[in-house]
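If you want the building blocks of each chain, they are given just below.
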Amino acid sequence: MSRINRRALLLNAGSAVIASTVAATALATEPRRRRDREPSSDLRALIKAHKAMYAAFGKAIHEMDGSNGDHDRASRAEERALLAVCAYPAVREGDRRAKARYLLKIEARGELDLAEHMQALLRSTMWKG
């Protein structure tokens, strides 16, 4: 039966810390693939669709002629498009950054205000598996 003294334990622990620090530094300095830094075409399409629905909603508000039908449809379409952006599972760095930047702009306008937005956003961060 071998006994480990405190000096040997500290020496081995110190070596492990140095080795793990070197490995982490090497991983951090590896160049990321360009594909990972750019938003995916899926996320770009969702953001583009939301921008279009937001513009249509704004147009419906300005063109209201006493009828709320167009306004309500445009509002629901814009809400669904925003929920799709919130729900998008941004796994890659480019997607995370693009999604965060876009949603921060929406939030700055005070329009990321529904409980469904927050639920979709939080669910999108959960790992599936």
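All figures in this text were calculated on a predicted structure; none of them were measured in a lab.

Caption draft 1: Up close: the nonpolar core. Membership of the largest hydrophobic core comes to 13 residues, with the highest contact counts inside it found for Leu 82, Cys 86, Leu 103 and Leu 112. If you list the elements that add at least two residues to this core, you get helix H3 (41-62), helix H4 (69-87) and helix H5 (93-108). Ranked by residues supplied to this core, first place goes to H5 with four residues.

Caption draft 2: View of the side chain of His 117. Residue position: His 117 is located in helix H6 (residues 115-124). Residue His 117 is classed as buried on the basis of its relative accessible area of 3%. In this structure His 117 touches Glu 79, Leu 82, Leu 83, Cys 86, Glu 111 and Leu 112, once residues within four positions along its chain are discounted.

Caption draft 3: Highlighting the pattern of salt bridges. One pass over the full model with this rule turns up two salt bridges. For Arg 97, the salt bridge is made with Glu 93, and the minimal N-O distance between the two is 2.9 Å. Taken together, the residues span about one helical turn, with Arg 97 and Glu 93 both in helix H5 at a distance of four residues. Accessibility expressed as a relative area gives 45% for Arg 97, which makes it partly exposed. Between Arg 109 and Glu 111 there is a salt bridge, with its nearest N and O atoms 3.1 Å apart. Its relative accessible area of 41% is what places Arg 109 among the partly exposed residues.

Caption draft 4: The packing of H3 against H4, seen in detail. Where H3 contacts H4, the axes come no closer than 8 Å and their chain directions differ by 160 degrees. In terms of orientation, H3 and H4 fall into the roughly antiparallel class. Crossing angle aside, the handedness with which H3 passes H4 is left-handed. Between H3 and H4, the contacting residues are Leu 46, Ile 47, Ala 49, His 50, Met 53, Tyr 54, Ala 56, Phe 57, Ala 60 and Ile 61 on the first element and Asp 70, His 71, Ala 74, Ser 75, Ala 77, Glu 78, Ala 81, Leu 82, Ala 84 and Val 85 on the second. When its residues are assigned to classes, the contact of H3 with H4 shows 15 nonpolar, three polar and two charged.

Definitions and limits used
Residues numbered from 1 in each chain as written. Predicted model: local features only at pLDDT ≥ 70, side-chain atom pairs only at ≥ 80, totals over all residues. Heavy atoms only, no water. Core = buried A, V, L, I, M, F, W, Y, C linked by side-chain atoms within 4.5 Å. Buried < 20%, exposed > 50% of the residue type's maximum accessible area, 1.4 Å probe, protein only. Helix = DSSP H or I, 4+ residues; strand = E, 2+ residues; numbered from the N terminus. Contact = heavy atoms within 4.5 Å. Salt bridge = Lys/Arg side-chain N within 4 Å of Asp/Glu carboxyl O. Axes fitted to C-alpha atoms, helices over the stretch in contact; angles between N-to-C directions. Parallel < 35°, antiparallel > 145°, perpendicular 65-115°, else oblique. Left-handed = near helix turned anticlockwise from the far one by under 90°. Nonpolar A, V, L, I, M, F, W, Y, C, P; charged D, E, K, R; others polar.

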